[in-house]
Amino acid sequence: MKLNQTLAALAGFAVALQLASAGNLTGKVTLGGNAPAEKEITPLKDDATCGKLLGGAVPKTKFFVVGANKELADVIVIVKGLEGKSTGAAAAPAALDQKACEYIPQILAVQTGQKISVKNSDPVMHNVHTVPTAAGNKEENKGQGPGAPDLTFSIPAAENFLKFKCDVHPWMFAWVTAVDHPYFAVTGKDGAFTIKDVPPGKYKVVALHRKGAPTGVEKEIEVKADGATADFVIEVK
Ligand SMILES: [Cu+2]
C-alpha cells in the first residue's frame, strides 16, 4: 500500500472512530407558567386578498406553541463550544414558505452558510426582507410575485432570531437562527429534540425561545458514546 493510501485509510479509520464514539443529545422542553393568550391577526383576516386564502380560519399569533402537558415547540437548543465547525455550505437547503400570507415555519434554525430556499405559494406579491443585527450579516430585500422562482438566502454569521419580514403584509415574520456548526435542533410539538452525533465531551447547552430570556436557559452536560439527555424549562415572563 502506498503512503497516500495508508494515510487515507488511517484518516477514514479516525473518522469512523469519532463517529462511533459520538452520541446523540436528546431531551424535552416544557413551558414554566402560563402562556399569554395568542392575539388574532385582524389585518390579515381583513385583508382583501390574504383574508380569502385563510378558508375561514381565524389567524392568530403563534408565540407559544404549547402542548397539553406544557410541551413547548419552537425552542432552539444549541450545544455551545463547537463554533467554527459549520458544514452549512454543503448541507441541504432549509425551506421557508409563504402561504396564506404567513411564513411557514415562523421559527427556523440553519447553519451559517446554509442555503435557505424561500417559496411563495400565494397568488399575491410578497417581498422577503431580512433585518439582521449581527456583524457580518447584511440586510436583503427581494420581491417575489405569484409563481416567481424560489429565492435563496444564506446567513454568513451566527445570529439568534434574525428577522425575515414582508413589507407588503406587516404581520408576516419568520425568525431564523444561524448556528456556526451542525449541533442544534428545534423542538417539535412534543417539546422533544434530538441533536445527532455530538462529539464526546463536556458542554454547555442553551435552550432559546423567542419570547424567553435572550440568553436562554443553560445546562451543563457530558456527551459520551451512549449520548446524553437534557431537559429544559422556559419560564414565561
Ligand atoms: Cu407578504
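Rules used in this analysis
- All residue numbers refer to positions counted from 1 along the written sequence of the respective chain.
- The predicted nature of this model means local features are confined to residues of pLDDT at least 70 and side-chain atom pairs, given and counted, to a pLDDT of 80 or more, with totals for whole chains, interfaces and linings taken over all residues.
- Side-chain numbers here rest on the full set of heavy atoms in the structure, without hydrogens or water.
- Among the buried residues, those of types Ala, Val, Leu, Ile, Met, Phe, Trp, Tyr and Cys that are joined through side-chain atoms within 4.5 Å form a nonpolar core.
- Buried residues are those whose accessible area, probed at 1.4 Å on protein chains only, stays under 20% of the maximum for their type, while exposed residues exceed 50% and partly exposed ones sit between those limits.
- Segments assigned H or I by DSSP are reported as helices when at least four residues long, segments assigned E as strands when at least two residues long, and all are numbered from the N terminus.
- Contact criterion: two residues are considered in contact whenever any of their non-hydrogen atoms come within 4.5 Å of each other.
- Only strands joined by at least two bridges in the DSSP assignment are considered to pair.
- Interaxial angle, 0 to 180 degrees, is taken between N-to-C directions of lines fitted to C-alpha atoms, where a helix line uses only the stretch in contact.
- Here, a disulfide means two cysteine sulfur atoms that sit within 2.5 Å of each other.
- An automatic or database domain assignment supplies the residue ranges for each domain.
- Here the quantity called buried area is the total loss of accessible area, with a 1.4 Å probe, experienced by two parts when brought into contact, counted for both.
- Salt-bridge detection follows one rule: a side-chain nitrogen of Lys or Arg within 4 Å of a carboxyl oxygen of Asp or Glu.
- In protein, a polar contact requires one atom able to donate a hydrogen and another able to accept it; more generally it is a pair of N or O atoms within 3.5 Å, and residues adjacent in sequence count only if both atoms are side-chain atoms.
- Think of it as three bins: nonpolar holds Ala, Val, Leu, Ile, Met, Phe, Trp, Tyr, Cys and Pro, charged holds Asp, Glu, Lys and Arg, and polar takes everything else, Gly as well.
- Nitrogen, oxygen and sulfur within 2.8 Å of a metal are treated as its donors, or within 3.2 Å for sodium, potassium and calcium (Na, K, Ca); water is not counted, so a site can appear incomplete.
- When four donors show all angles between 85 and 135 degrees the site is tetrahedral, when four or six donors have opposite pairs over 155 degrees and all other angles between 65 and 115 it is square planar or octahedral respectively, and in every other case it is irregular.
- Between rings of Phe, Tyr and Trp, where Trp is taken as its six-membered ring, a pair exists when centres lie within 6.5 Å; planes separated by under 30 degrees are stacked, by over 60 edge-to-face, and by other angles tilted.
- Any Lys NZ or Arg CZ found within 6 Å of a ring centre and within 35 degrees of that ring's normal is scored as a charge over the ring.

> Help me understand the nonpolar core, please; the structure alone is not making it clear to me.
In a soluble, globular protein the nonpolar side chains are often hidden away together inside. Core analysis: the biggest nonpolar cluster contains 26 residues, and Leu96, Ile116 and Phe164 have the highest contact counts within it. For this core, the secondary-structure elements that each account for two or more residues are strand S3 (94-99), strand S5 (107-111), strand S6 (116-120), strand S9 (151-153), strand S10 (159-165) and strand S11 (173-179). Sorting elements by how many residues they give to this core places S11 first, with three residues. Aside from chain neighbours lying at most four places away, what touches Ile116 is Ala94, Leu96, Leu108, Val110, Leu151, Thr152, Phe153, Ile155, Phe164 and Val176. In this structure, Leu72, Leu82, Tyr183 and Ile234 belong to the second largest nonpolar core, which totals 23 residues.

> Any chance you could explain the sheet that holds S9 here in plain terms?
Within the open sheet, the four strands sit side by side as S4-S3-S6-S9. Their pairing is mixed. Every other strand in the sheet has two partners, leaving strand S4 (102-104) and S9 as the edge strands with one partner each. The average undirected angle you get between the axes of adjacent strands in this sheet is 25°.

> Would you mind showing me how to read the state of the cysteines here?
One covalent bond between the sulfur atoms of two cysteine residues makes up a disulfide. By the definition in use, this model includes one disulfide. Across the disulfide, Cys50 is cross-linked to Cys101 (sulfur-sulfur distance 2.0 Å). Its torsion about the S-S bond being -70°, the disulfide of Cys50 and Cys101 is classed as left-handed. In this pair, Cys50 sits in the loop between helix H2 (42-46) and strand S2 (76-79) while Cys101 sits in the loop between S3 and S4, placing the two residues 51 residues apart along the sequence.

> Is there a simple way to think about the domain arrangement of the protein in this case?
Interface size is often expressed as the accessible area that is lost when the parts come together. Domain boundaries assigned for the protein yield domain 1 (1-33 + 70-82 + 184-237) and domain 2 (87-182). Domain 1 puts ten residues into the contact, and the matching count from domain 2 is 13 residues. Of the roughly 1100 Å² buried between domain 1 and domain 2 on both sides combined, carbon and sulfur atoms contribute 74%. For the domain 1 face of the interface with domain 2, the top three residues by lost area are Ile76, Phe184 and Arg210, together amounting to 56%. Our count for the domain 1 to domain 2 interface comes out at zero salt bridges. Remark: the boundary between domain 1 and domain 2 carries two residue pairs in polar contact (both at pLDDT 80 or more). Grouping the constituent residues of the side of domain 1 that touches domain 2 by class yields seven nonpolar, one polar and two charged.

> What am I meant to see in the coordination of the copper ion here?
Here the copper ion is held by the protein donor atoms His126 (ND1), Cys166 (SG), His169 (ND1) and Met172 (SD), which lie 2.0 to 2.7 Å from it. In this structure, the copper ion is coordinated by four donor atoms arranged in irregular fashion, with angles at the metal of 90 to 135°.

> In this structure, what is going on with the packing of aromatic side chains? I would like to understand it.
One pair of aromatic rings is described through two measures. These are the centre distance and the angle between the planes. According to the stated counting rule, one finds three aromatic pairs in the structure shown. Pairing Phe193 with Phe232 gives two aromatic rings, centres 6.4 Å apart and planes at 45°, and the pair type is tilted. In this pair, Phe193 sits in strand S13 (residues 192-198) while Phe232 sits in strand S17 (residues 232-235), placing the two residues 39 residues apart along the sequence. There is no split in this pair, since Phe193 and Phe232 are both buried. One residue, Arg210, lies across the ring of Trp175, its end atom 3.7 Å from the ring centre. Here Lys219 stacks its cationic end above the ring of Phe232, 5.8 Å away from the centre of that ring.

> I would appreciate a short explanation of the side chain of Gln144 in the present structure.
As for its position among the elements, Gln144 is in strand S8 (residues 140-144). Owing to a relative accessible area of 1%, Gln144 belongs among the buried residues under this scheme. Side-chain polar atoms of Gln144 contact the side chain of Gln98, separated by 2.7 Å. Of note is the side chain of Gln144, whose polar atom sits 3.1 Å from the backbone oxygen of Pro149. With residues near it in sequence (within four places) discarded, Gln144 still touches Gln98, Val118, Lys119, Asn120, Val124, Met125, His126, Asn127, Val128, Pro149, Asp150 and Leu151.

> Can you walk me through the sheet that holds S5 in this structure?
Paired through their backbone hydrogen bonds, the strands of a sheet run either parallel or antiparallel. Pairing within the open sheet is mixed, and its five strands lie in the order S5-S11-S10-S7-S8. At either end of the open sheet lies a strand with only one pairing partner, and these are S5 and S8. When strand polarity is set aside, the average angle formed by the axes of neighbouring strands in this sheet is 25°. With five bridges joining them, S5 and S11 adopt parallel strand pairing. Paired with Gln111 across the strands is Val179, a residue of S11.

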